[in-house]
Amino acid sequence: MDAAAEAAEWFIGVFQLGGEWFVGVAGSILPTLIVLLTAVNALVSFVGQDRLDRFAALAGREGVQYTFIRYLALPVVAVFTLTNPMCYSMGTFVPERNKPAFYDAAVSFVHPITGLFPHANAGELFVYLGIAAGVEALGFGLGQLALRYLIVGMIVIYIRGLVTQFIVDRMSARREAAAATA
């Protein structure tokens, strides 16, 4: 009987710890996220959805000069303004052959943005906070970590967009060549 009582106490203790954790989060990070989401929505309203759509359409233009917009600027703007997972919808403005590379760039940016803008992907926030706790324990500031995450993330998404586009182009050329010989 004592073992059953201890098991019951342990079981409810797990939920009590979860409740304490939730109250801690609700009192710290949730208000920040709500205010940040409100500010971003206000910014989008001020800028105007039509301007964002025109910017996205610019990224869909053909030419090497538009790769910077397509694989760096558009994913950053999409993740910041629309957050994860809605940010991928900006890919509708990109030509069909560029969609895989845009998606790769956008999906690769939902973690690096979290340090400075946690509203962009709240699910990734817990990963970032775990890393941040270790960095703080070493005596370093989080501002530098968040900024470095953002900068490295931007470099990586641009490279990933270019590499993915190269792979898509090669695979498409092989498929077209195979279809022409068949």
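Anyway, here's the lowdown on the structure attached to this text. For clarity, every value in this text was computed on a predicted model and none was experimentally measured. (Residues numbered from 1 in each chain as written. Predicted model: local features only at pLDDT ≥ 70, side-chain atom pairs only at ≥ 80, totals over all residues. Heavy atoms only, no water.)

1. Let's talk about the overall build of the protein
Then comes step 1: Helix and strand content of the protein: 6 helices and 0 strands.
Then comes step 2: The linear arrangement of helices and strands in the protein, starting from the amino end, is α-α-α-α-α-α.
Then comes step 3: For 182 residues, the compact-globule estimate of 2.2 N^0.38 gives 16 Å, and the protein exceeds it by more than 25% at 22 Å.
Then comes step 4: Taking the principal axes of the C-alpha coordinates as reference, the protein spans close to 75 × 45 × 35 Å.
Then comes step 5: For the protein, the proportion of its 182 residues judged to be buried stands at 34%.
Then comes step 6: Put simply, of all contacts in the protein between residues at least 6 apart along the chain, 61% involve residues at least 24 apart. (Helix = DSSP H or I, 4+ residues; strand = E, 2+ residues; numbered from the N terminus. Rg over C-alpha atoms; globule rule 2.2 N^0.38 Å. Buried < 20%, exposed > 50% of the residue type's maximum accessible area, 1.4 Å probe, protein only. Contact = heavy atoms within 4.5 Å.)

2. Digging into helix H4 (residues 99–109)
Because an α-helix completes one turn every 3.6 residues, residues spaced three or four positions apart along the sequence face the same direction.
Then comes step 1: Every buried residue of H4 is listed here: Ala101, Phe102, Asp104, Ala105, Ala106, Ser108 and Phe109.
Then comes step 2: Those residues of H4 that are buried lie in contact with helix H3 (67–82) and helix H6 (142–181).

3. Let's talk about the environment of alanine 106
Then comes step 1: Mapped onto the elements of the fold, alanine 106 is located in helix H4.
Then comes step 2: Under the relative-accessibility criterion, alanine 106 is labelled buried at 0%.
Then comes step 3: A sequence separation of 19 residues divides alanine 106 from cysteine 87, and the C-alpha atoms of the two residues are 7.3 Å apart.
Then comes step 4: Ignoring anything within four residues of it in the chain, the contact list for alanine 106 reads Pro75, Val79 and Tyr88.

4. Overview of helix H5 (residues 122–137)
Then comes step 1: Here H5 contains 16 residues, and its C-alpha end-to-end distance of 23 Å stays within 8% of the 22 Å for a straight helix at 1.5 Å per residue.
Then comes step 2: Within H5 the residues assigned to the buried category are Leu125, Tyr128, Ala132 and Val135.
Then comes step 3: Backbone geometry just downstream of H5 places glycine 139 in the positive-phi region, at approximately 90°. (Expected span 1.5 Å × (residues − 1).)

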